[in-house]
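Residue strings, one per chain:
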Amino acid sequence: SLQAPSSSSNNRVFTLPDVADATMATVNGITMADSWRITSAYTMTGNNLIQQLTANWERSDTAAFTGIGSPMTESNGNFNFPQTGIYRVQFHMQLIASVSAITVVGAFIRFKKGASGSFTTQAQSQESGGANYYGSATAEAIVDVTDTTNDQVAFVVQGSASRIILANTDYARTGVTFIRLGDT
């Protein structure tokens, strides 16, 4: 049963379906969530390299979760959003440094706004470690998508010595998640 507050002089009208056990729809919940991962490792050599992850992306498909709503689309490492809105983007990178010196690594989320925009860094995470170590970095950003054709996000790694960006086709060692939080 429904009852309006006694101090209210306004009428409230609710229309319910004519069924025995009706369920009210959830309003303003998460309408889109997606997950992608890198399937083959990237081997990078040299110092202070910056490289966008442009290949070996796949939509995560081995867990019980297959996404909510329409998925992201990817071409050459550039991701497009399925609808406008405010999105949470998280990039997690796992690596092994294959040198005998201190290594600095970084994970970057870059966002391009509109047709005439260029990619700018929205979030960055860095880590350093000693010789032959495993490490990880996670960057997270919230972006406002107003143009599903031209607003894009890309993922970049940086390091100060030879390293291998780790990957797997069965689970995410290096990957991204996208969650649409609400309307723009």
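Before reading on, note that the structure itself is shown above.
Described in the following lines is the structure provided in the data block. Note that the structure is predicted; figures quoted are calculated from it, not measured.

**Some points on the overall build of the chain**
Along its length, the chain carries zero helices and 13 strands. Reading the chain from its N end, one meets helices and strands in the order β-β-β-β-β-β-β-β-β-β-β-β-β. For the chain, the residues scored as buried account for 36% of the 184 residues in total. Sequence-distant contacts, at least 24 apart, represent 75% of the contacts inside the chain between residues at least 6 apart. Taken as a whole, the chain presents about 10,200 Å² of accessible surface, with 47% of it coming from carbon and sulfur.

**Considering a nonpolar patch on the surface**
Together, Ile30, Phe65, Ile68, Ile142 and Leu181 make up a nonpolar patch on the protein surface, roughly 440 Å² of accessible area in all. One can find Ile30 in the segment before strand E1 (33-38). Given the relative accessible area of 44%, Ile30 is considered partly exposed.

**Some points on the nonpolar core**
Counting 34 residues, the largest nonpolar core has Phe81, Phe155 and Phe178 as its most contacted members. Those elements giving two or more residues to this core turn out to be E1, strand E2 (42-44), strand E7 (85-97), strand E8 (103-112), strand E10 (134-145), strand E11 (152-159) and strand E13 (175-182). When residues of this core are assigned to their parent elements, the largest contribution, six residues, is made by E7.

**Re unusual backbone geometry**
A positive phi is found at Asn56, a non-glycine position, where the angle reads about 65 degrees. Here Asn56 lies in the loop between strand E3 (49-52) and strand E4 (57-59). Backbone geometry places Asn76, a non-glycine residue, at a positive phi of 55 degrees.

**A short note on the packing of aromatic side chains**
Counted according to the given criterion, the structure contains ten aromatic pairs. Ring centres of Phe81 and Phe111 lie 6.4 Å apart, and the angle between their planes is 75 degrees; this geometry places the pair in the edge-to-face category. Separated by 30 residues along the polypeptide, Phe81 in the loop between strand E6 (78-80) and E7 and Phe111 in strand E8 bring together distant segments of the chain. Following the ring pairs from residue to residue traces out a cluster consisting of Trp36, Trp57, Phe79, Phe81, Tyr87, Phe91, Phe111, Phe155 and Phe178. Note that Arg110 overlies the ring of Phe108, its terminal NZ or CZ placed 5.7 Å from the centroid.

**Here's the deal with the side chain of Asn80**
Locating Asn80 in the fold gives a position in strand E6. Under the relative-accessibility criterion, Asn80 is labelled buried at 15%. Polar side-chain contacts of Asn80 include one of 3.0 Å to the backbone oxygen of Thr149. A polar atom in the side chain of Asn80 sits 3.0 Å from the side chain of Gln152.

**Some words on the pairing of E1**
Across a regular strand the side chains alternate sides, sitting on one face of the sheet and then on the other. When you tally the buried positions in E1, you get six out of six residues, the bulk of the element. Here E1 shows two buried faces, one formed by Ala33, Ser35 and Arg37 and the other by Asp34, Trp36 and Ile38. As paired elements, E1 and E13 share five bridges and run antiparallel to each other. Of the residues in E13, the one forming a bridge with Trp36 is Val176. Pairing between E1 and E4: three bridges, direction antiparallel. In the sheet register, Trp36 faces E4, and the bridge partner there is Arg59.

About the criteria used
Residues numbered from 1 in each chain as written. Predicted model: local features only at pLDDT ≥ 70, side-chain atom pairs only at ≥ 80, totals over all residues. Heavy atoms only, no water. Helix = DSSP H or I, 4+ residues; strand = E, 2+ residues; numbered from the N terminus. Buried < 20%, exposed > 50% of the residue type's maximum accessible area, 1.4 Å probe, protein only. Contact = heavy atoms within 4.5 Å. Areas by Shrake-Rupley, 256 points an atom, 1.4 Å probe, with all protein chains shown as cover. Patch = residues over 30% accessible without salt bridge, like charges linked within 9 Å, V, L, I, M, F, W, Y side chains within 5 Å. Salt bridge = Lys/Arg side-chain N within 4 Å of Asp/Glu carboxyl O. Core = buried A, V, L, I, M, F, W, Y, C linked by side-chain atoms within 4.5 Å. Phe/Tyr/Trp six-rings, centres within 6.5 Å; stacked < 30°, edge-to-face > 60°. Lys NZ or Arg CZ within 6 Å of the ring centre and 35° of its normal. Polar contact = N/O pair within 3.5 Å; in protein donor to acceptor, adjacent residues only side chain to side chain. Pairing = 2+ DSSP bridges.

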